[in-house]
Structure formats: C-alpha cells, structure tokens
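Report on the structure
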Amino acid sequence: MPDESQPYRVQVPLRWSDMDAYGHVNNVQYLRLLEDARVVGIREWFVGRVSMLDEGIVVTRHAIEYRAPLTYRPAPVEVEMWVTHVHGAGFDLGYVVRDPQDVGEQVYAYAETGLAYYDFATARPRRLTPEDRAALAAHRGDPVRFRWAGR
C-alpha cells in the first residue's frame with residue numbers, strides 16, 4: 001500500500017451479470033472492476049488537464065491474486081489504488097479489492113496493472129511528461145503484496 005497517508009479509494013458497484021455459474025464474481029469481471037476504478041481515479045488525479053485517457057494509454061499487463069470469493073450483493077466493493085512504479089513511457093498501478101468499511105473487512109484480491117502512454121497515430125509508445133510524473137508521484141506507494149512474489 002502507499003507510503004504516504006492513504007491510497008486512493010473508489011467504490012465500484014457490482015452487476016448481477018458479474019456472477020458466474022459458481023455464484024461468485026467471475027475472474028474476468030475483476031478486470032472490469034479494476035478498469036472502472038482506474039478510469040475514475042485517473043480522471044480525478046489529473047483534474048483540469050487533458051487526461052491521459054483522452055490522449056492515449058494502453059494496458060500492458062495485469063496480475064491478480066484472489067484471496068476470497070466475492071458474491072453479488074447490492075453494496076459496492078471498494079478498490080484501493082496507488083502507483084507502484086513509474087518508467088519512461090508508463091507506470092504500474094497497485095490495487096486492493098475489498099469491502100467498504102460500512103460493509104466489512106474482507107479483502108477479495110490484490111492486483112497490479114501495467115499501463116503505457118501510447119500514440120495511436122504512430123502506433124508507438126510516448127514518454128510521460130514531467131507534469132504527469134509529478135501527478136503520479138503524489139499517489140506513489142509500495143509494491144503490491146502478492147503471496148507468490150514473497151512480498
């Protein structure tokens with residue numbers, strides 16, 4: 001989790017269609033939950049500027065470690081999100097998918113997403129600006145605590 005104060009938090013609603021035949025939220029739907037949180041967070045982190053979402057950004061990878069089954073319910077899940085690494089053309093985001101405080105204390109998953117700035121016209125990555133690096137630094141935190149990575 002982040003070194004500074006608290007991670008960014010956003011509540012994401014569950015959909016009835018997120019459930020699979022086993023009655024829990026399907027693993028593929030976790031990517032949608034992370035995307036929903038990421039889109040809201042990035043727009044809030046870059047208020048007053050053209051968003052990197054509008055300029056071009058692509059997902060380069062995902063890693064998810066499931067900790068408990070998540071079943072459909074009317075209450076949303078809370079996604080904690082922070083920056084774990086910044087590099088020349090992109091950055092990584094860490095996440096914890098959990099119950100909001102008013103629902104419980106269960107953690108459902110830890111995850112990380114790699115993102116790269118991308119110029120669709122030239123089909124090539126593009127560099128982060130100093131302003132983007134500064135905005136991302138405000139949300140910097142520790143690496144994701146994946147069990148398999150020994151963290």
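Here's a quick rundown of the structure. (Residues numbered from 1 in each chain as written. Predicted model: local features only at pLDDT ≥ 70, side-chain atom pairs only at ≥ 80, totals over all residues. Heavy atoms only, no water.)

For the coordinates displayed, the defined rule picks out five aromatic pairs. Ring geometry for Y8 and W45: centres 5.8 Å apart, planes at 85°, overall edge-to-face. Taken as a pair, Y8 in strand β1 (residues 8–12) and W45 in helix α1 (residues 27–45) lie far apart in primary sequence, 37 residues in all. The residues Y8 and W45 share a single accessibility class, namely buried. A centroid spacing of 4.8 Å and a plane angle of 20° characterise the contact between F146 and W148, whose relative ring orientation is stacked. The exposure class assigned to W148 is exposed, which follows from its relative accessible area of 59%. (Phe/Tyr/Trp six-rings, centres within 6.5 Å; stacked < 30°, edge-to-face > 60°. Helix = DSSP H or I, 4+ residues; strand = E, 2+ residues; numbered from the N terminus. Buried < 20%, exposed > 50% of the residue type's maximum accessible area, 1.4 Å probe, protein only.)

In terms of burial, strand β4 (residues 90–98) is a largely internal element, nine of the nine residues being buried. Judged by which residues are buried, β4 turns out to be covered on both faces: G90, D92, G94, V96 and R98 on one side and F91, L93, Y95 and V97 on the other are all buried. The sheet contact formed by strand β3 (residues 77–87) and β4 spans nine bridges and is antiparallel. When the bridges of β4 are listed, H87 appears paired with G90. Taking the residues between adjacent antiparallel strands as the criterion, β3 and β4 are bridged by two residues. (Pairing = 2+ DSSP bridges.)

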